[in-house]
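# Tertiary structure, described
Listed below, chain by chain, are the residues.
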Amino acid sequence: MTHGSGRVRQLRLVVEAEDFEAALAFFRDVLGMPEQESYSGDGGAEVRILDAGRATLELSNPAQVEFIDRVETDGGRSDRIRVAFEVDDTAAVTDELVDAGAELEASARETPWRSVNARLRGPAGLQLTIFQELD
């Protein structure tokens, strides 16, 4: 697969976080997403752009979402938008994120597509999938 050959050069997910400092600490310091840029503006406006590695957009039809939910959870339902992060060790990262305040929605488990996935509820109400590719 060739990267960077399409029109879109970057995917940027923009999230409004009521508790900005807590969300920043969670994603930057605990999950380990390095800060690329930061900007401050009038009225206390703040933004931090964190490096998430390679970005993709995964489009799934309702039948696929139902299948993923059966595989990844104990009957939990995906939000319309769920943010997935690839890591080296799903279980260890999931434990760290739970210790940092994330709510565990589904523990780490191997999927038919050879990954280990866990599901969490993180800051700003984001539903997160933490996954580790096995192949």
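Structure: above.
Description of the structure in this document. (Residues numbered from 1 in each chain as written. Predicted model: local features only at pLDDT ≥ 70, side-chain atom pairs only at ≥ 80, totals over all residues. Heavy atoms only, no water.)

Right, let's talk about the overall build of the chain for a bit. Across its full length, the chain carries three helices and six strands. Each helix and strand of the chain, placed in order from N terminus to C terminus, yields the pattern α-β-β-α-β-α-β-β-β. Scaling as 2.2 N^0.38, a compact globule of 135 residues should have a C-alpha radius of gyration of about 14 Å, and the chain matches this with 16 Å. The dimensions of the chain, computed from C-alpha atoms along their principal axes, are 50 × 40 × 25 Å. Residues counted as buried form 30% of the 135 residues belonging to the chain. Residue pairs in contact within the chain that sit at least 24 positions apart in sequence constitute 49% of those at least 6 positions apart. Surface exposure of the chain reaches about 9300 Å², of which carbon and sulfur atoms provide 47%. (Helix = DSSP H or I, 4+ residues; strand = E, 2+ residues; numbered from the N terminus. Rg over C-alpha atoms; globule rule 2.2 N^0.38 Å. Buried < 20%, exposed > 50% of the residue type's maximum accessible area, 1.4 Å probe, protein only. Contact = heavy atoms within 4.5 Å. Areas by Shrake-Rupley, 256 points an atom, 1.4 Å probe, with all protein chains shown as cover.)

Spatial ordering of the open sheet is given by E3-E6-E5-E4, a layout of four strands whose pairing is mixed. The open sheet has two edge strands with one neighbour each: strand E3 (83-86) and strand E4 (103-110). Taken over all neighbouring pairs, the strand axes of this sheet differ in orientation by 15 degrees on average, direction set aside. Where E3 and strand E6 (residues 127-133) come together, four bridges link them in parallel fashion. By the bridge assignment for E6, Ala 84 is matched with Thr 129. Where helix H3 (residues 90-99) meets the sheet, its contacts fall on E4, strand E5 (115-121) and E6, and the angle it forms with E5 comes to roughly 10 degrees. (Pairing = 2+ DSSP bridges. Axes fitted to C-alpha atoms, helices over the stretch in contact; angles between N-to-C directions.)

Considering all chains together, one arrives at three aromatic pairs under this definition. Centre to centre, the rings of Phe 26 and Phe 27 are 5.0 Å apart; their planes meet at 80 degrees, and the pair counts as edge-to-face. Taken individually, Phe 26 and Phe 27 each receive the classification buried, so the pair is uniform in this respect. Within the aromatic cluster, the residues linked to one another by ring pairs are Phe 26, Phe 27 and Phe 85. (Phe/Tyr/Trp six-rings, centres within 6.5 Å; stacked < 30°, edge-to-face > 60°.)

Right, let's get into the pattern of salt bridges. Counting across every chain of the model gives 13 salt bridges. Salt-bridge contacts for Asp 74 lead to Arg 109; the nearest nitrogen and oxygen are separated by 3.0 Å. Highlighted residues: Asp 74 in the loop between helix H2 (62-72) and E3 and Arg 109 in strand E4, separated in sequence by 35 residues. Overall, Asp 74 belongs to the exposed group, its relative accessible area being 67%. Ionic pairing is found between Arg 121 and Asp 79, a salt bridge with its closest N-O pair at 2.6 Å. Within this pair, whereas Arg 121 is found in strand E5, its partner Asp 79 is found in the loop between H2 and E3, the two being separated by 42 residues in sequence. (Salt bridge = Lys/Arg side-chain N within 4 Å of Asp/Glu carboxyl O.)

On to H3. Along H3, the residues classified as buried are Thr 90, Val 93, Thr 94 and Leu 97. An end-on view of H3 places all buried positions within 100 degrees of arc, on one side of the element. Summarising the contacts, the buried residues of H3 are in contact with helix H1 (20-30), E4, E5 and E6. Between the side-chain oxygen at the start of H3 and the backbone nitrogen of Ala 91 there is a gap of 3.3 Å, and the oxygen is on Asp 89. Just past H3, the residue Gly 101 takes up positive phi, approximately 115 degrees. (Arc of directions from axis to C-beta. Polar contact = N/O pair within 3.5 Å; in protein donor to acceptor, adjacent residues only side chain to side chain.)

Treat this as a map of the structure, not an account of what it does.
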